[in-house]
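Here are the chains, one letter per residue:
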Amino acid sequence: LFMLGDQWVISKSSLFNTESGSQNRSTMKVEYIESNIIKLIIYRDDGSPMRKLFINHNWGVERVESKDMIITYTPTLNYYDFPLYKGKRWHQELIKKTTNADDKESSSNVTKVILDGYVMGIDKINFNGKYVDSMKVETVMTETESDGSVNETKDTVWYVPAVKRSVMTKTELKDSSGFSST
């Protein structure tokens with residue numbers, strides 16, 4: 001999946017955004033690879049680390065860490081369900097536990113998460129100056145907080161099999177109050 005030291009620029013990563021006011025452009029770098037886990041670090045434009053992502057070899061997210069919080073998923077969040085092909089659908093229900101990074105003994109916020117994914121089709125997109133085949137994937141992640149409020153994140157991503165990652169993302173957010181943004 002990755003080589004140690006691989007890095008790439010991402011324009012948006014709201015699904016894994018654990019800090020308010022984060023940049024829309026950042027760099028993701030492979031920090032280490034073990035037999036069952038890959039550690040990715042996401043850096044701001046100024047080079048400072050923003051968050052760490054711990055994934056399995058199928059892009060399954062196990063944990064996200066920032067300077068303020070730690071997020072764990074039980075079971076692993078399967079953002080993609082490989083192999084991807086036109087028309088494929090998947091559904092996952094899981095628990096997201098958010099803990100204050102400075103006070104791990106404090107109470108955690110537990111959120112019920114439902115993820116629905118769908119491969120819409122194959123698109124040609126411009127990547128690094130060339131038109132390449134990509135899988136256009138839509139995921140809708142619904143998070144129900146302990147207070148009953150519901151937030152929804154709809155991502156449309158263009159996953160390029162040749163580089164084994166998404167290269168473009170469009171995100172729409174909707175919260176319980178009806179506020180939505182893209």
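Structure: see above.
Everything numeric here is computed off the predicted structure, so don't read it as measured data.

Quick look at the overall build of the protein chain now. What the protein chain contains, in helices and strands, is 0 helices and 12 strands. Reading the helices (α) and strands (β) of the protein chain from amino to carboxyl end gives β-β-β-β-β-β-β-β-β-β-β-β. Considering only contacts in the protein chain between residues 6 or more positions apart, those separated by 24 or more positions represent 40%. Surface exposure of the protein chain reaches about 10000 Å², of which carbon and sulfur atoms provide 47%.

Right, let's get into the side chain of lysine 96. Within the element layout of this structure, lysine 96 appears in strand β7 (residues 89–100). A distance of 2.9 Å separates polar atoms of two side chains, one belonging to lysine 96 and the other to glutamate 143.

This brings us to the pairing of strand β11 (residues 165–174). Relative to β11, strand β10 (residues 150–160) runs antiparallel, the two being bridged by 9 bridges. Bridge pairing in β11 places valine 157 opposite threonine 169. Hairpin connection between β10 and β11: a loop of 4 residues separates the two successive antiparallel strands, and lysine 164 in this loop has a positive phi of roughly 60°.

Inspection of the secondary structure assignment puts glutamate 65 in strand β5 (residues 60–65). A distance of 2.8 Å separates a polar atom in the side chain of glutamate 65 from a polar atom in the side chain of arginine 63. Once residues lying within four places of it in the same chain are set aside, the contact partners of glutamate 65 are Arg51, Lys52, Phe54 and Ile70.

Another aspect to go through is the packing of aromatic side chains. Scanning the model with the defined rule gives 4 aromatic pairs in all. Three or more aromatic residues joined by ring pairs form one cluster here, namely Tyr79, Tyr80, Phe82 and Tyr159. Above the ring of phenylalanine 54, the side-chain terminus of arginine 63 is found at 3.8 Å from the ring centroid. Here the basic side chain of arginine 89 rests over the ring of tyrosine 118, its NZ or CZ set 4.0 Å away from the ring centre.

It is worth spelling out the pattern of salt bridges at this point. The tally for this structure, following the rule as stated, stands at 7 salt bridges. A salt bridge links arginine 63 to glutamate 65; the shortest N-O distance between them is 2.8 Å. Residue arginine 63 is classed as partly exposed on the basis of its relative accessible area of 29%.

Our focus in this paragraph is the environment of serine 166. Considering the arrangement of structural elements, one finds serine 166 in strand β11. By relative accessible area, which is 22% here, serine 166 ends up partly exposed. Taking the C-alpha atoms as reference, serine 166 lies 8.4 Å from serine 134; in sequence the two are 32 residues apart. Ignoring sequence-local partners within four residues, the contact set of serine 166 consists of Tyr80, Val157, Trp158 and Tyr159.

This brings us to the pairing of strand β9 (residues 130–144). Of the pairings in the sheet, the one linking strand β8 (residues 109–127) to β9 comprises 15 bridges and is antiparallel in character. For tyrosine 118, the partnering residue across the bridge sits in β9 and is glutamate 138. Hairpin connection between β8 and β9: a loop of 2 residues separates the two successive antiparallel strands, and asparagine 128 in this loop has a positive phi of roughly 55°. In the sheet, β9 pairs with β10 via 10 bridges, with the strands oriented antiparallel. The partner of valine 140 across the bridge, within β10, is lysine 154. Linking β9 back to β10 in an antiparallel pair, the connection comprises 5 residues, with glycine 148 at a positive phi of about 95°.

Here the residue pair threonine 74 and proline 75 is connected by a cis peptide bond, since its omega of -10° sits within 30 degrees of zero. Relative to the helices and strands, proline 75 is located in strand β6 (residues 69–78). The linkage connecting phenylalanine 82 with the following residue, proline 83, adopts the cis geometry, with an omega of 0°. Structurally, proline 83 is set in the loop between β6 and β7. The phi dihedral of asparagine 128 falls on the positive side, at around 55°, and the residue is not glycine. Structurally, asparagine 128 is set in the loop between β8 and β9. Of note in this structure, lysine 164 is not a glycine but carries a positive phi near 60°. Its location among the elements puts lysine 164 in the loop between β10 and β11.

About the thresholds
Per-chain numbering applies: the sequence of each chain, read as written, is numbered from 1 onward. It should be noted that, the model being predicted, local features are given only for residues of pLDDT at least 70 and side-chain atom pairs only at 80 or more, the latter also being counted only at that level, while totals for whole chains, interfaces and linings use all residues. Heavy atoms from the whole structure form the basis of all side-chain values; hydrogens and water molecules are not counted. Think of it this way: any DSSP run of H or I at least four residues long counts as a helix, any run of E at least two long counts as a strand, and we number them from the N terminus. We call two residues in contact when some of their heavy atoms are within 4.5 Å. Residue-level accessible areas treat just the shown protein chains as cover; the underlying method is Shrake-Rupley with a 1.4 Å probe. Distance and chemistry together define a polar contact, namely a pair of N or O atoms within 3.5 Å, with one atom able to donate a hydrogen and the other to accept it when in protein, and with adjacent residues in sequence counting only for side-chain atoms on both sides. By this definition, two strands are paired if DSSP reports at least two bridges between them. Aromatic pairing here means that ring centres of Phe, Tyr or Trp (its six-membered ring) are within 6.5 Å. Orientation follows from the plane angle: under 30 degrees is stacked, over 60 is edge-to-face, and everything else is tilted. Whether a charge lies above a ring is judged from NZ of Lys or CZ of Arg, which has to be within 6 Å of the ring centre and within 35 degrees of the ring normal. Only one rule defines a salt bridge in this text: a Lys or Arg side-chain nitrogen within 4 Å of an Asp or Glu carboxyl oxygen. The cut-offs for exposure are 20% and 50% of the maximum accessible area for each residue type, with area from a 1.4 Å probe on protein chains only; residues under the lower value are buried, those over the upper are exposed, and the others partly exposed.

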